[in-house]
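For reference, the chains in residue letters:
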Amino acid sequence: MDEITVENTLKVHRAIKNLTQANLADLAGITRASVNAIEGGRMTPSILLALKLADALDVSVDELFRLSERKSEQKSP
Amino acid sequence: MKELERHYRFHLRRMAMGLAFSLSMGVTMIFSLIRPGIHVGILLAPALVFIMAMVVLNIALCGWEWPHSTAEDRYVGRDEWVQANVNRARKSALHSIYAAQVPLMFFVAYVPAVPTVSVSVVGMAILTMASGGTAFFASYLFHSRQHIDG
């Protein structure tokens, strides 16, 4: 079965804007730990937080986050 | 927003202190249960000291108001990563309490030198609290680790 996950390009956009995780956390009004967790794929943000991050980085939400299907390994019969 | 990071660090230190208290209470209780000449007073005294210390410390830091509306709660409590970790920690605490019941039952029933009903009941209650608290704080701190900012 395919597993649907959320991929993000937060790190890329952060690098383009030359921001550290702490700077981005300041702009979005969240902890640095949250930015770290989202970037590492350990947390999927809520819509509100995704909008805050997109606003802070001056990009749209779909540029930051997208769905990706990961094929899980199937056993051969 | 530097305030937020300051409150978050304070929050993590409070959680670490909670872990130290819960763990100390559990270890003290185990040693109290295996020492000879045990009675309920010996069991309750250290547990009450730990619980009172936690309550006093909490009041000193957060005031009498309940539920708290401290700056720490206002800043940190709304953070999604904190909320996610608290939820995970609660689940871990619940599972650890369930899982600990059978081993604790045999421990408090057979290990104490004088396994009376009151000693077993008090020992079981305090060890359950200690295991739940330890699991909660340990799980929270484990999941709150930050990875390297690449």
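Residues numbered from 1 in each chain as written. Chains lettered and ligands numbered in written order. Predicted model: local features only at pLDDT ≥ 70, side-chain atom pairs only at ≥ 80, totals over all residues.

Caption draft 1: Expanded view of helix α2 (residues 21–28) of chain A. Residue and element names in this part refer to chain A. If you check which residues of α2 are buried, you get Gln21, Leu24, Ala25 and Ala28. Taken down its axis, α2 places every buried residue within 100° of arc, on the same side. Looking at the buried residues of α2, the elements they touch are α1 (10–16), α3 (32–39) and α4 (47–57). Just downstream of α2 lies Gly29, where phi reads positive at about 75°. (Buried ≥ 20, exposed ≤ 12 C-beta atoms within 10 Å, placed from the backbone. Helix = DSSP H or I, 4+ residues; strand = E, 2+ residues; numbered from the N terminus. Arc of directions from axis to C-beta. Contact = placed C-beta atoms within 7 Å.)

Caption draft 2: Layout of the packing of helix α1 (residues 2–34) of chain B against helix α5 (residues 117–143) of chain B. Residue and element names in this part refer to chain B. Put simply, α1 and α5 touch, their axes get as near as 8 Å, and they point 150° apart. As far as their axial angle goes, α5 and α1 are roughly antiparallel. Relative to α5, α1 is oriented so that their crossing is left-handed. For the pair α1 and α5, the contacting residues are Met15, Ala16, Gly18, Leu19, Ser22, Leu23, Met25, Gly26, Met29 and Leu33 in the first and Gly123, Ile126, Leu127, Ala130, Ser131, Gly133, Thr134, Phe137, Ala138, Tyr140 and Leu141 in the second. Classifying every residue of the contact of α1 with α5 by side-chain character gives 14 nonpolar, 7 polar and no charged. (Axes fitted to C-alpha atoms, helices over the stretch in contact; angles between N-to-C directions. Parallel < 35°, antiparallel > 145°, perpendicular 65-115°, else oblique. Left-handed = near helix turned anticlockwise from the far one by under 90°. Nonpolar A, V, L, I, M, F, W, Y, C, P; charged D, E, K, R; others polar.)

Caption draft 3: Seen up close, the environment of Cys62 of chain B. You can see Cys62 of chain B is positioned in helix α2 (residues 40–62). Linking Cys62 of chain B and Asp73 of chain B, residues 11 residues apart in sequence, is a C-alpha distance of 9.3 Å.

Caption draft 4: Quick look at the interface of chain B and chain A. Chain B puts 12 residues into the contact, and the matching count from chain A is 16 residues. Listed by contribution, the elements that provide at least two residues to the side of chain B that touches chain A are α1 and α4 (80–110) of chain B. Of the residues in the side of chain B that touches chain A, the class split is 5 nonpolar, 3 polar and 4 charged.

Caption draft 5: Representation of the confidence of the model for chain A within the structure. Model confidence for chain A is summarised by a mean pLDDT of 86, while 88% of its residues fall at 70 or above. By mean pLDDT, the top-scoring element of chain A is α4 of chain A (92), and the lowest-scoring one is strand β2 (residues 65–71) of chain A (80). (pLDDT = per-residue confidence, 0-100.)

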